Amino acid sequence: MKANQYQTLLNAKAAAQKLLAVLVDPDKGNAASWANLATLANTNGVDFFLVGGSLMVNQRLEECIVTLKKHSPIPVILFPGSPAQVTPLADGILLLSLISGRNADLLIGQQVQAAMALKQSGLELLPTGYILIDGGAPTTVSYISNTLPIPANKPEIAAVTALAGEQLGLKLVYLEAGSGANKPVSVEMIKAVSKQVDIPLIVGGGIRNGEAAYEACQAGADVIVIGTAFEEQPELLPEIAGAVKAGCKTT
Ligand code: 1GP
């Protein structure tokens, strides 16, 4: 039986341990780079792989997951950009609802389309309030979702949006500046959201070094997601993983 990934998240949060998720976009890289990343991840305390992308133009999702699993026991969680990105090869799926936007299709439409496939997949479902924050420039996710991100200087909007998601029964909040964002989600924004909700808080987009990862953890992030930095420089993994593990809230 597969491990309960949500319980892992709750246990880590209860123990004030911060987790590192590595985002792998199957459109980028190849079997050799995924194998290399998996091997590095094994020895550097990576907790999850997130696999998916806003725009998936190649049909390489399953190849990517099979390669990661061949080289690593680290759980693979789907991070889908569309209902087509559902496969039972993974261990679970972030069942995203884009609660910062007012695009009905991404709030509930695509979830309806995917519901039967999800039920049949046996995947562990992790219902997630997905909140886009302005990261300084339009990103693929803001363009594709056709929604406005929350302005970076409005932490109070992000906080009540996350709170509404928690009240609706969502199990995770994901603060997303967008892959490759110029600026990651600010410390003030993370603090405002983490103060308001009890469910685990995932933060990603534009985090490129250990210092930014550490600050996000100190501010209240429970899971840090890194994609672009490791695509470009996998050798950053030890530094950033170390910063995340050191980032337990002490203040
Ligand atoms: C994107 O939050 C993730 O969904 C990761 O972003 O690629 O900027 O690390 P980066």
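Everything below is about the structure shown above.
Note that the coordinates shown come from a computational prediction; the quantities given were computed from them, not determined experimentally.

Procedures and definitions
- Residues numbered from 1 in each chain as written.
- Predicted model: local features only at pLDDT ≥ 70, side-chain atom pairs only at ≥ 80, totals over all residues.
- Heavy atoms only, no water.
- Near = heavy atom within 4 Å.
- Polar contact = N/O pair within 3.5 Å; in protein donor to acceptor, adjacent residues only side chain to side chain.
- Areas by Shrake-Rupley, 256 points an atom, 1.4 Å probe, with all protein chains shown as cover.
- Helix = DSSP H or I, 4+ residues; strand = E, 2+ residues; numbered from the N terminus.
- Nonpolar A, V, L, I, M, F, W, Y, C, P; charged D, E, K, R; others polar.
- Expected span 1.5 Å × (residues − 1).
- Buried < 20%, exposed > 50% of the residue type's maximum accessible area, 1.4 Å probe, protein only.
- Contact = heavy atoms within 4.5 Å.

Peer 1: Explain the site of the ligand to me, and be specific about the residues and the numbers.
Peer 2: Close to the ligand lie 14 residues; E176, S179, G180, G206 and T228 are nearest. For the ligand, an oxygen atom lies 2.7 Å from a polar atom in the backbone of G180. Contact between the ligand and T228: an oxygen atom at 2.6 Å from a side-chain N or O atom of the residue. The protein chains hide 97% of the 310 Å² of surface that the ligand would expose on its own. If you list the elements that add at least two residues to the shell around the ligand, you get β6 (172-176) and β8 (223-226). Counted by class, the shell around the ligand contains five nonpolar, eight polar and one charged residues.

Peer 1: Just give me the short version of helix α4 (residues 104-121), but keep the residues and values in it.
Peer 2: Taking 1.5 Å per residue, 18 residues should reach 26 Å; α4 reaches 24 Å between its end C-alpha atoms and fits that length. By the burial criterion, the buried members of α4 are L106, Q111, A114, L118 and S121. Tucked into the core, α4 has its buried residues touching β4 (92-98), β5 (124-132) and α5 (140-145). A positive backbone phi angle near 75° is found at G122, which sits one or two residues after α4.

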